[in-house]
Amino acid sequence: MATEVGIERSGAAVNGRANAEFEVRNPATGAVVGTPPDMTPAEVADLAARLRAAQPAWEALGPAGRARHLHNWLNWLMDNDQRILGLVQQETGKSWGDTKIETMVAVEVINYYTKNGAKFLADQTRRPHGPASLTKELKVFHRPHQLVGIITPWNYPLGMPMMDVPPALMAGAAVLTKPSEVTPLAWAEMVRGWNEEIGAPPVLGCATGLGPTGAAVVDVVDMIQFTGSVRTGRAVGIRAAERLIPASLELGGKDPMIVLADADLDRAVKGAIWGGLFNAGQSCIAVERIYVEAPAYDAFVSKLTTEVGKLRQGSDPQEAFEAEIGAMATEAQLELVERQVDGALAKGAKALTGGKRADKGLFYPPTVLVDVDHSMECMMEETFGPTLPVMKVADEEEAIRLANDSPYGLGASVWTASRARGERIARRIEAGGVSVNNALAHVFQFPLPMGGWKESGIGARFGGPNAILKYCRKQAFVSERVSLKTELHWYPYTASKARLTDRMIRLLGMHDWKRRLGKRPGAE
Ligand code: NAD
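These remarks concern the structure in this document. (Residues numbered from 1 in each chain as written. Predicted model: local features only at pLDDT ≥ 70, side-chain atom pairs only at ≥ 80, totals over all residues. Heavy atoms only, no water.)

## Some words on the environment of Thr152
Here Thr152 is to be found in the loop between β5 (147-151) and α5 (159-171). Taking the C-alpha atoms as reference points, Thr152 and Pro179, separated by 27 residues in sequence, lie 5.2 Å from one another. The contacts of Thr152, once residues within four sequence positions are left out, are Met160, Pro161, Lys178, Pro179, Ser180 and Thr227. (Helix = DSSP H or I, 4+ residues; strand = E, 2+ residues; numbered from the N terminus. Contact = heavy atoms within 4.5 Å.)

## Re the sheet that holds strand β8 (residues 223-227)
Ordered in space as β7-β6-β5-β8-β9-β20, the six strands form an open sheet in which the pairing is mixed. Because the sheet does not close on itself, it has two edges, and the strands there are β7 (204-206) and β20 (457-458). Pairing of strand β9 (residues 247-250) with β20 involves two bridges; the strand directions are antiparallel. Within β20, the residue paired with Leu249 across the bridge is Ile458. Across the sheet, helix α6 (residues 185-197) touches β6 (174-178) and β7, and the angle it forms with β7 is around 145°. (Pairing = 2+ DSSP bridges. Axes fitted to C-alpha atoms, helices over the stretch in contact; angles between N-to-C directions.)

## Points about the pairing of strand β11 (residues 287-293)
Judged by how many residues are buried, β11 sits mostly within the fold: seven of seven residues are covered. Sheet analysis places strand β10 (residues 255-259) next to β11, joined by five bridges and oriented parallel. Directly across from Val259, in β11, lies its bridge partner Val292. Pairing of β11 with strand β14 (residues 387-393) involves four bridges; the strand directions are parallel. Bridge pairing links Val292 to Lys392 in β14. (Buried < 20%, exposed > 50% of the residue type's maximum accessible area, 1.4 Å probe, protein only.)

These values are about where atoms sit, not about what they do.
In structure tokens form, the structure reads like this:
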């Protein structure tokens, strides 16, 4: 059975869900844009077995051979970008400007990790740690997990898997992906392209389906890379622990933005708007709450309100660039934003823009909230929507205290004229990444790790070699340079061998001559 975008169902079908499908809708219009298979655990296991069978030849290709296929895939994507981005836009209801950015992630990640893959994966030679090991050659080999699972959310249907899949493939693993049930179409088409259009080995699979399909993926892989909510991430982590497989979890966030009185307010306002409202605020590392030092507060809020008022909302035609802020991906997400804003307003907050859902489609207008505090959900819970709650703080100390008053620790930003001050504050913020005078910038610096602290996750993506090595197992390799007939500590045990061993240990391991020569303290 194939859908509009050619998602093939695999052979096995059990559990009474055989041949089930689910609908994918365009949130801007409500139209059904796809009906992919809701794959059963048996189908997932079948797909996993086929990927495993293809993995050894993939690993044997080496980094240069694997990079060639990734380059072909990237070429195919860019030759078909309008069509694939069209699918992204249909399933997300994004503005075209927000949609276009998704190919940039693919280009940058594939180019960086294909260029550096061989270097990152190279064997490492280690020096022996002491005289007893001098006769040995020591190396560390990086051997991939055979099958890696990559589960992704709906906010960037192409960009999100593109952050993790190329490094995992470069590592030499086979990869079983599970896109969100809200937005599976563009990614399924990318996987079809890999398998059917560019002649690549069949080491990349796509399991479409609802939550249970994701759980089935965790059940069959050797390592899991999960991006999504804290709730699902916790369930994935528990299952991974039961199966004793490594899990890397990229979860939610509530990123604070600290604006100090000496900051360039024009830049800070533009940064707050892009950092908070890009992708209709549906980014894990979005600016979710803003703390402004008292002397700059009125000017900041006034500029912010004026600039937000200029934004246009819609899911505009390709290449039209008639809107900045697109739709919310699901009704549930829109209702969550509504609940948080209504809750804040009921507790005394004011909406200076927006504050109420649009009449048609799943659109929520960009909303600046003031008079907010930490008793409100909009300041404490992840919003994942187009809101900018702004709070006045007395000084730097209060800003840091409030920034850290959160169960999340994904990212943060500090805006100040003094880079030294920015760095000093960053060192006190409990988050996996901090940008000074920019929003979200720390996320796309591939030499740096991108990961969450506290409930925002475990592990990290990127970080130079880490992005590839996290999909590998380290293998310790020891080879004897000189082969003796036997070793001093091997059987049989004899008194003379034991005396010799003891002398050697003392001579080579002690730090003073008395002990080196076998004398004990107090003994003459
Ligand atoms: P979600 O947790 O509901 O779903 C994520 C994926 O998990 C989907 O593909 C879903 O089908 C699958 N899934 C559901 N139940 C599962 C189970 N039991 N086992 C395995 N997989 C299962 O998240 P969402 O609503 O799609 O995405 C929004 C969340 O993602 C937000 O919290 C956001 O902060 C987070 N996010 C984090 C990052 C990051 O890098 N830290 C990036 C983007 C989004």
